[in-house]
Amino acid sequence: MLDHIFIYSEPVKYLKNNLEKFGDIVYINARRINLGLFQYTTDVIWDLAVHDLSIIDYLVGLDIEKVSVFKKKYKEFPNEAIASINLELKSGIVVSVDVSWLSPVKVREMIIGGTKQSVIYDDTKSSQIEVFDAGIVLEKDLTKNELYQYMVQYKYGDTTIPQLPKKQSLNNSVEHFKECIEKNKTPITSKQSIINVIKALEIISKV
């Protein structure tokens, strides 16, 4: 079932409100793995990847240019239990989403790499957001000979853990729904956002 409740979480709200601070987004890497539960009515992509795809659509959109998928069933179980999804968006952002029902540990992690800052969103930690002032520095306008000789430089800076409000996703979604009714606003999880994610899932499933 398509579930947008993660979009109303405080960490995802923080990412959306501070996205410009990260610079141009270069890549997004998401891992959502755990041990079971095996589903007979759907596969691991529709069960787990749907959540990260919903978040990614909310943050940067899901206009897919290229897609490749590795997926595999477990023994005689009828549905795929592990999958690695690689997307290139038309914006140039590279996205990878790894999902599995076979992991001995539960991981709910998303890494967003920008030209100014990078951020890790880990739903299993008490500090769910960590912002890293680190990255790669390349000078512009290098000649061909200079490019071969140039040593990549790395920028290491501070790590920031923002203090997020202690509010539940469900409460935030109810408050947002109430505000949309009172002010005649379109909810952030509109019909179009649902269509975007379903289209992405259909493209991925056909590969």
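Residues numbered from 1 in each chain as written. Predicted model: local features only at pLDDT ≥ 70, side-chain atom pairs only at ≥ 80, totals over all residues. Heavy atoms only, no water.

Undergrad: Got a sec to walk through the nonpolar core? Specific residues and values, please.
TA: Of all hydrophobic cores here, the largest spans 45 residues; its most connected members are L15 and I45. Leave out the neighbours within four places in its chain, and I45 touches V50, V69, K71, A83, I85, V99, L201 and I204. (Core = buried A, V, L, I, M, F, W, Y, C linked by side-chain atoms within 4.5 Å. Buried < 20%, exposed > 50% of the residue type's maximum accessible area, 1.4 Å probe, protein only. Contact = heavy atoms within 4.5 Å.)

Undergrad: Could you give an account of the side chain of R32, with specific residues and numbers?
TA: With respect to the secondary-structure elements, R32 resides in strand β1 (residues 25-35). The exposure class assigned to R32 is buried, which follows from its relative accessible area of 5%. One polar contact links R32 to D52, side chain to side chain, over a distance of 3.0 Å. (Helix = DSSP H or I, 4+ residues; strand = E, 2+ residues; numbered from the N terminus. Polar contact = N/O pair within 3.5 Å; in protein donor to acceptor, adjacent residues only side chain to side chain.)

Undergrad: How would you explain the pairing of strand β5 (residues 102-114) if you had to name every residue and give the values?
TA: Here nine bridges tie β1 to β5, and the two strands are oriented antiparallel to one another. In the strand pairing of β5, R32 is matched with R108. (Pairing = 2+ DSSP bridges.)

Undergrad: Describe the packing of helix α1 (residues 10-17) against helix α2 (residues 44-60), naming the residues involved and giving the relevant values.
TA: At a minimum axis separation of 9 Å, α1 and α2 run at an interaxial angle of 30°. Comparing their axes, α2 and α1 come out roughly parallel. For the element pair α1 and α2, the recorded crossing hand is right-handed. Mapping the contact onto sequence places V12, L15 and K16 in α1 and I55, Y58 and L59 in α2. (Axes fitted to C-alpha atoms, helices over the stretch in contact; angles between N-to-C directions. Parallel < 35°, antiparallel > 145°, perpendicular 65-115°, else oblique. Left-handed = near helix turned anticlockwise from the far one by under 90°.)

Undergrad: Outline the sheet that holds strand β2 (residues 64-73), supporting the account with residue identities and numerical values.
TA: Strand order in this open sheet of eight strands is β2-β3-β4-β1-β5-β6-β7-β10, and the pairing throughout is mixed. Pairing within the sheet leaves two strands with one partner each, and these edge strands are β2 and β10 (159-160). As defined by bridge partners, strand β3 (residues 80-89) adjoins strand β4 (residues 94-100) across seven bridges and the pair is classed as antiparallel. Bridge assignment links A83 to a residue of β4, and that residue is V99. Docked against the sheet, α2 engages β1, β2, β3, β4, β5 and β6 (118-122), running at close to 150° with respect to β4.

Remember, this is a structural readout, not a statement about activity or role.
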